[in-house]
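Working through the structure, step by step
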Amino acid sequence: YEAGMTRRLSYILGNSQRLDGGAMFGNAPRALWERWAKPDERHRIPLACRTMLVEDGDRKLLFEAGIGTFFAPQLRDRFGVVETRHVLLDGLAELGLSDADIDAVVLSHLHFDHAGGLLSEWKEGEPLRLLFPKARFVVGRKAWERAKAPHSRDRASYIPELVPLLEASGRLEIVDGDRSEVLGPEYRLHFSDGHTPGLMLAEVPSDDGPIVFGGDLIPGRPWVHAPITMGYDRYPELLIDEKTALLEALLPRGGRIFFTHDPDVAMSRVVREPSGKFAAADDVTSCTRLSI
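Residues numbered from 1 in each chain as written. Predicted model: local features only at pLDDT ≥ 70, side-chain atom pairs only at ≥ 80, totals over all residues. Heavy atoms only, no water.

Another point: the pairing of strand 9 (residues 188–192). Bridge count between strand 9 and strand 10 (residues 199–204): five bridges; the pairing is antiparallel. Within the sheet, the bridge partner assigned to Arg188 lies in strand 10 and is Glu203. Linkage of strand 9 to strand 10, two consecutive antiparallel strands, is achieved through a turn of six residues, within which Gly198 is found at a positive phi near 75°. (Pairing = 2+ DSSP bridges. Helix = DSSP H or I, 4+ residues; strand = E, 2+ residues; numbered from the N terminus.)

Encoded structure:
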């Protein structure tokens with residue numbers, strides 16, 4: 001990044017999902033969470049798999065890849081994937097781009113709803129292919145090791161074919177510290193273990209306060225409220241502590257959270273209510289090449 005060059009931010013929707021509302025809101029009672037998300041007849045709530053594109057000078061950086069359409073039809077129904085086409089590729093095309101134009105894909109972790117969009121669409125009898133032919137793939141070491149050796153509790157959240165494809169690409173950066181060689185020193189990385197080991201949340205510099213990709217630490221607007229966690233989180237109490245620490249740090253800096261799973265809101269600023277609770281404000285619902 002050079003002085004005088006403009007960073008621009010866009011959100012791009014990937015394939016959407018419907019998942020069980022109780023699982024998404026952990027121990028919050030339905031009487032509370034259905035005020036935030038209306039369930040369907042199968043008790044599932046609508047969820048986005050939203051990606052963030054940052055055009056930083058000549059570089060095009062994509063933060064996550066959504067769920068994609070790698071699932072066979074039976075599994076696509078089981079995991080609530082709505083569309084059959086690869087929606088992320090459509091969204092890139094609307095910006096005049098393709099997966100071949102992306103220079104880096106930053107992955108908070110390798111669960112299928114965050115990394116499945118790296119893969120080609122499912123076709124009967126054909127192997128999955130890795131898309132994004134020139135991109136570097138950035139992932140934290142603990143998240144990478146977990147994907148290579150999942151626990152029985154979360155094994156179904158990973159794509160067995162993805163790890164060898166990423167290794168074979170020769171374009172994988174496994175990050176150990178709070179900076180990435182691929183992204184450069186202006187992009188800070190935060191880590192969390194409450195949802196999954198080594199969840200990596202990228203902080204994007206902005207003139208209007210930093211923007212943190214919330215991943216599954218803060219997947220949507222309701223989860224800004226610190227006690228709200230997911231049933232998928234491995235250590236909910238740890239997650240609450242990690243979330244609180246991140247929000248406390250962002251508050252005096254005018255920081256914002258980018259939401260991957262919120263169906264309506266892409267980004268909000270962190271504020272504190274008079275009661276002391278964290279809340280989301282200045283909601284962004286539409287964002288195409290916003291100068292940051």
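The next point concerns the packing of helix 6 (residues 141–148) against helix 7 (residues 162–169). Axis separation between helix 6 and helix 7 bottoms out at 9 Å; the angle between their running directions is 125°. What the angle tells us is that helix 6 and helix 7 run oblique. Taken together, the residues of helix 7 that come into contact with helix 6 (itself represented by Trp144, Ala147 and Lys148) are Val163, Leu166 and Glu167. A breakdown of the residues in the contact of helix 6 with helix 7 according to their chemical character gives four nonpolar, no polar and two charged. (Axes fitted to C-alpha atoms, helices over the stretch in contact; angles between N-to-C directions. Parallel < 35°, antiparallel > 145°, perpendicular 65-115°, else oblique. Contact = heavy atoms within 4.5 Å. Nonpolar A, V, L, I, M, F, W, Y, C, P; charged D, E, K, R; others polar.)

Let's shift gears to the sheet that holds strand 14 (residues 278–284). Spatially, 9-10-11-12-13-14 is the arrangement adopted by the six strands of the open sheet, whose pairing is mixed. This sheet does not close on itself; its edge strands, each paired only once, are strand 9 and strand 14. When the angles between neighbouring strand axes are averaged without regard to direction, this sheet yields 30°. Sheet topology note: the strand 11 (residues 211–213)/strand 12 (residues 256–258) ladder contains three bridges and is parallel. Opposite Phe213, over in strand 12, you have Phe258 as the bridge partner. Helix-sheet contacts for helix 8 (residues 236–250) involve strand 9, strand 10, strand 11, strand 12, strand 13 (267–272) and strand 14, and the interaxial angle to strand 12 is about 130°.

Right, let's get into unusual backbone geometry. For His43, which is not a glycine, the phi torsion comes out positive at approximately 70°. For His43, the position within the fold is in the loop between helix 2 (30–33) and strand 3 (44–47). Overall, His43 belongs to the partly exposed group, its relative accessible area being 42%. Even without being glycine, Asp282 reaches a positive phi, approximately 50°. Its place among the elements puts Asp282 in strand 14. Classification of Asp282 by relative accessible area gives exposed; the value is 53%. (Buried < 20%, exposed > 50% of the residue type's maximum accessible area, 1.4 Å probe, protein only.)

What follows concerns the packing of aromatic side chains. For the structure on display, the rule yields nine aromatic pairs. Ring geometry for Phe213 against Phe258: centres 5.4 Å apart, planes inclined by 20°, an arrangement best described as stacked. Highlighted residues: Phe213 in strand 11 and Phe258 in strand 12, separated in sequence by 45 residues. Per residue, the accessibility class of Phe213 equals that of Phe258, and both read buried. Chaining the aromatic ring pairs together yields one cluster made of Phe25, Trp33, Trp36 and Trp223. When the ring centre of Tyr11 is taken as reference, the NZ or CZ atom of Arg50 above it lies at 4.9 Å. (Phe/Tyr/Trp six-rings, centres within 6.5 Å; stacked < 30°, edge-to-face > 60°. Lys NZ or Arg CZ within 6 Å of the ring centre and 35° of its normal.)

Moving on, we come to the pattern of salt bridges. Two side chains carrying opposite charge are able to pair once their charged atoms lie near each other. All chains considered together, the criterion is met by 22 salt bridges. Here Arg8 and Glu55 are joined by a salt bridge, their closest N and O atoms 3.6 Å apart. Taken together, the residues Arg8 in strand 1 (residues 7–13) and Glu55 in strand 4 (residues 50–56) connect sequence positions 47 residues apart. When its relative accessible area of 4% is taken as the criterion, Glu55 is described as buried. Measuring nitrogen to oxygen at the nearest pair gives 3.7 Å for the salt bridge that ties Arg18 to Asp40. Separated by 22 residues along the polypeptide, Arg18 in strand 2 (residues 17–20) and Asp40 in the loop between helix 2 and strand 3 bring together distant segments of the chain. The partly exposed category is assigned to Arg18, whose relative accessible area is 29%. Among the charged side chains, a network of salt bridges with common partners joins Arg7, Asp56, Arg59 and Glu186. (Salt bridge = Lys/Arg side-chain N within 4 Å of Asp/Glu carboxyl O.)

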